[in-house]
Amino acid sequence: MTDFALPPSAHFINGEWNSSSSATTYDVKNPADGSTLGTIPCADLPIVDHAVQSAKRALINKAWSDMPPLERGMLMNRLADLISANAEKLATVESLDNGKPIAFSRTLDIPLCAMWFRYFAGWTSKISGQNLQPSLQSGGSFHCYTRKEPVGVVAAIVPWNFPLVLAVWKIAPALAAGCTVVLKPAEDTPYSALMLAELAVEAGFPPGVLNVVLGQGDTGRLLVEHEGINKISFTGSTQTGKAILRAAANDLKRITLELGGKSPTIIMPDANMDLAIPGATQAIFVNSGQICFAGSRLIVPRKSMNQIIDGVSTVASTLKVGPGLDPETLMGPVINQKQLSSILEKIEMSISQGAALVQGGNRIGSCGYFLEPTILVTEDRNNTAFKDEFFGPVLTVTPYDDIDDIADIANDSYYGLAAHIFTENLGTAHKLAAKVNAGTIWVNTQLNPDPNIPFGGFKQSGWGRENGEEVLSSYTETKSVIMYLGS
Ligand code: NAD
């Protein structure tokens, strides 16, 4: 267990802990053993309103948006320093309530959060409009330019699979653009977000710039419907994304959606198997498969299918399954009982529809929510294993005979988040990258997003892009100024 106390199970609003009680509470569980870590009050309308008004005051008083950009950037860098200084505590909390291996939260989640703040700190001073030459007026009689203004108060709503990383993917660009934020972390993983908000105050952020409200879907809904919210940045399931889109239509809030996926990993006949097999294994089993862009469908040449399955199965069997806080663990539990039951049901349904189970398929033990790395094989594109997002450590293998069929198999999904391609042929890689309908294509590598590279989904995997310069347009409004200077 931990040798430090978790942060209070309380909202963090206007730079301070808010101890308001709530008629509705729930328990956060440790997924490694089902024990209770804390009891969370669900923010009701008065609390949500308090957080939104605090964020609005911080915006309107210009405490944040009017601060010289480099000063804003320096504060964001100071927050990055504090994340690094508190990395061990943050990593421990991340592994405690999410269950992810501490070996990963130490080396990936927390360092990435610091890097994302540093990257976007650099943008604060570079978000600018343009001088434009009018096309219908002559020479120097008009001066026209655009301004990039913060979109306003941002509601950031995130899931539990990368609790801090996904929050920071929203907070860092929003703050760089001069917006203020109300964050609602996922119900299962609230603690690292609370620690971040406290660190922001220690870094010197004005009160109200970053607020955290706790709760479940109902709290998210109150936030989405609040008239003081100008922009919603959501990551989560496609189903919730659609509900949020409908709610946001009421007052046309700006909205970006990062949703689900059923991403293909494609192994070409010429692939280097020493790269492709461990790559395909990592692409699905890291974070227990709870990655939106996990390579959950493996598309392989029929003649190599058995060799590939044996290889993936061998690599998967070396992954030590255990509690996230054990430094030896490489695969933790899934997040909760509901998720465990949902994955097991989908495995059963896939088998009943004709998929072959070649590895795993069972819960491990009865304490905690551990699942065996699982491999299913199906050629039936209507099979649940081919179509549905499991969001767990389950790989579906589908063989192909003709390389001309690969893009069609890969694209036969209502998702389009990402794809992995393994090939030794540069031409094949470029041609297939152009044909596959997905927001990110990794070639001969897997699962490595970058703050400078846009990320987001085609089709029902989302709307808009996170990261890179492109995300900044979703946290700014463009204002055109057209000025007559006289003839
Ligand atoms: P979820 O949609 O159930 O919940 C996500 C968040 O939305 C939670 O904070 C939840 O409390 C909140 N919420 C629920 N109902 C709401 C409503 N009506 N209004 C406002 N907020 C509401 O998703 P989940 O089960 O926590 O996460 C798993 C899903 O997230 C998977 O589908 C996964 O693919 C997706 N995901 C996508 C990305 C991406 O970048 N595309 C990244 C991670 C996870």
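Here, every reference points to the structure presented above.
All values derive from a computational prediction rather than experimental measurement.

(A) Just the sheet that holds strand β6 (residues 142–150), in detail. Strand order in the open sheet made by the 3 strands is β5-β6-β24, with antiparallel pairing throughout. In this open sheet, the two strands that pair with only one neighbour each are β5 (131–132) and β24 (476–484). With 2 bridges connecting them, β5 and β6 associate as antiparallel partners. Looking across to β6, one finds that Asn-131 is bridged to Tyr-145.

(B) Region of interest: the packing of helix α3 (residues 87–98) against helix α6 (residues 191–203). The contact between α3 and α6 brings their axes to 8 Å, and the two run at 155 degrees. In terms of their interaxial angle, α3 and α6 are classed as roughly antiparallel. Two secondary-structure elements touch here, α3 through Lys-89, Leu-90, Val-93, Glu-94 and Asp-97 and α6 through Tyr-191, Ser-192, Met-195 and Leu-199. Class assignment of the residues belonging to the contact of α3 with α6 gives a composition of 5 nonpolar, 1 polar and 3 charged.

(C) Expanded view of the environment of Val-213. Turning to its location among the elements, Val-213 is positioned in the loop between β9 (210–212) and α7 (217–225). Remark: the alpha-carbon pair of Val-213 and Ala-193, spanning 20 residues in sequence, is separated by 9.7 Å.

(D) Expanded view of the sheet that holds strand β17 (residues 374–377). Pairing is mixed across the open sheet formed by 7 strands, whose spatial order is β14-β17-β18-β13-β12-β20-β21. Of all strands in the sheet, those bounded by a partner on one side alone are β14 (356–359) and β21 (440–443). Put simply, the sheet's adjacent strands are angled 25 degrees from each other on average, direction ignored. Here β17 runs beside strand β18 (residues 394–400); their pairing, made up of 4 bridges, is parallel. Across the sheet, the residue bridging to Thr-374 is Val-394, located in β18. Strand contacts of helix α10 (residues 305–317): β12 (263–267), β13 (295–301), β14, β17 and β18, with the helix running at about 145 degrees to β13, the strand carrying the most contacts. Across the sheet, helix α14 (residues 426–435) touches β12, β20 (418–422) and β21, and the angle it forms with β20 is around 160 degrees.

(E) Structural context of the nonpolar core. Ranked by internal contacts, the top residues of the largest apolar core, which has 98 residues, are Phe-117, Phe-120 and Phe-205. Residue contributions to this core peak at 11 residues, all from helix α5 (residues 163–176). Setting aside residues no more than four positions away along its own chain, Phe-120 makes contact with Met-76, Ala-172, Pro-173, Ala-176, Pro-451, Asn-467, Gly-468, Val-471 and Leu-472. Core analysis: the next-biggest nonpolar cluster, separate from the first, contains 24 residues, Ile-13, Ile-47, Ile-157 and Ile-255 among them.

(F) The pattern of salt bridges, seen in detail. For the structure on display, the rule yields 15 salt bridges. Between Arg-147 and Glu-149 there is a salt bridge whose closest N-O contact spans 2.7 Å. Residue class for Arg-147 comes out partly exposed when judged on its relative accessible area of 40%. Asp-251 is the partner of Lys-253 in a salt bridge, and the nearest nitrogen-oxygen pair spans 2.9 Å.

(G) Spotlight on the side chain of Thr-396. Summarising the element assignment, Thr-396 is placed in strand β18. In contact with Thr-396, other than residues within four places in its own chain, are Lys-262, Ser-296, Arg-297, Leu-298, Leu-376, Thr-378, Ala-385 and Phe-386.

(H) Main features of the site of the ligand. Surveying the vicinity of the ligand reveals 30 residues, the closest of which are Glu-187, Ser-237, Thr-240, Leu-259 and Glu-389. Contact between the ligand and Val-158: an oxygen atom at 2.8 Å from a main-chain N or O atom of the residue. Between the ligand and the protein, one listed contact pairs an oxygen atom with a side-chain N or O atom of Glu-187 at 2.6 Å. When the ligand is considered free in solution it has 840 Å² of accessible area, and contact with the protein chains removes 89% of it. Per element, the largest residue contribution to the shell around the ligand is 4 residues, and it comes from α7. Looking at the shell around the ligand, its residues break down into 15 nonpolar, 10 polar and 5 charged.

(I) How the structure looks around the packing of α5 against α6. Interhelical geometry of α5 versus α6 gives an angle of 45 degrees and a closest axis separation of 8 Å. Overall, the two elements α5 and α6 adopt an arrangement that is oblique. Of the two possible hands of crossing, α5 and α6 adopt the one that is right-handed. Here α5 contributes Pro-163, Leu-164, Val-168 and Ile-171 to the contact with α6, which in turn contributes Ser-192, Ala-193 and Leu-196. For the contact of α5 with α6, the class distribution of residues is 6 nonpolar, 1 polar and no charged.

(J) Representation of α10 in the model. Here α10 spans 18 Å end to end across 13 residues, near enough to the 18 Å set by a 1.5 Å rise per residue. For α10, every residue scored as buried is listed here: Met-305, Ile-308, Ile-309, Gly-311, Val-312 and Ala-316. Mapping the buried residues of α10 onto a view down its axis gives an arc of 160 degrees, with all of them on the same face. Structural note: α10 exposes Asn-306 and Ser-317 on the side pointing more than 90 degrees away from its buried face. Turning to α10, the residues buried within the fold contact β12, α9 (273–285), β13, β14, β17 and β18.

(K) Summary view of the pairing of β12. With respect to burial, β12 is a largely interior element, 5 of its 5 residues being buried. Burial along β12 is two-sided: the residues Ser-263, Thr-265 and Ile-267 and Pro-264 and Ile-266 are all buried. Sheet analysis places β12 next to β13, joined by 4 bridges and oriented parallel. Across the sheet, Ser-263 pairs through a bridge with Gly-295, a residue of β13. The handedness of the β12 to β13 crossover, carried by α9, is right-handed. Where β12 meets β20, 3 bridges bridge the pair, whose relative direction is parallel. When the sheet's bridge partners are listed, Ile-267 is paired in β20 with Phe-422.

Here is what the cut-offs are and how they apply
- Residues numbered from 1 in each chain as written.
- Predicted model: local features only at pLDDT ≥ 70, side-chain atom pairs only at ≥ 80, totals over all residues.
- Heavy atoms only, no water.
- Pairing = 2+ DSSP bridges.
- Helix = DSSP H or I, 4+ residues; strand = E, 2+ residues; numbered from the N terminus.
- Axes fitted to C-alpha atoms, helices over the stretch in contact; angles between N-to-C directions.
- Parallel < 35°, antiparallel > 145°, perpendicular 65-115°, else oblique.
- Contact = heavy atoms within 4.5 Å.
- Nonpolar A, V, L, I, M, F, W, Y, C, P; charged D, E, K, R; others polar.
- Core = buried A, V, L, I, M, F, W, Y, C linked by side-chain atoms within 4.5 Å.
- Buried < 20%, exposed > 50% of the residue type's maximum accessible area, 1.4 Å probe, protein only.
- Salt bridge = Lys/Arg side-chain N within 4 Å of Asp/Glu carboxyl O.
- Near = heavy atom within 4 Å.
- Polar contact = N/O pair within 3.5 Å; in protein donor to acceptor, adjacent residues only side chain to side chain.
- Areas by Shrake-Rupley, 256 points an atom, 1.4 Å probe, with all protein chains shown as cover.
- Left-handed = near helix turned anticlockwise from the far one by under 90°.
- Expected span 1.5 Å × (residues − 1).
- Arc of directions from axis to C-beta.
- Right-handed = clockwise from strand over helix to strand, strands pointing away.

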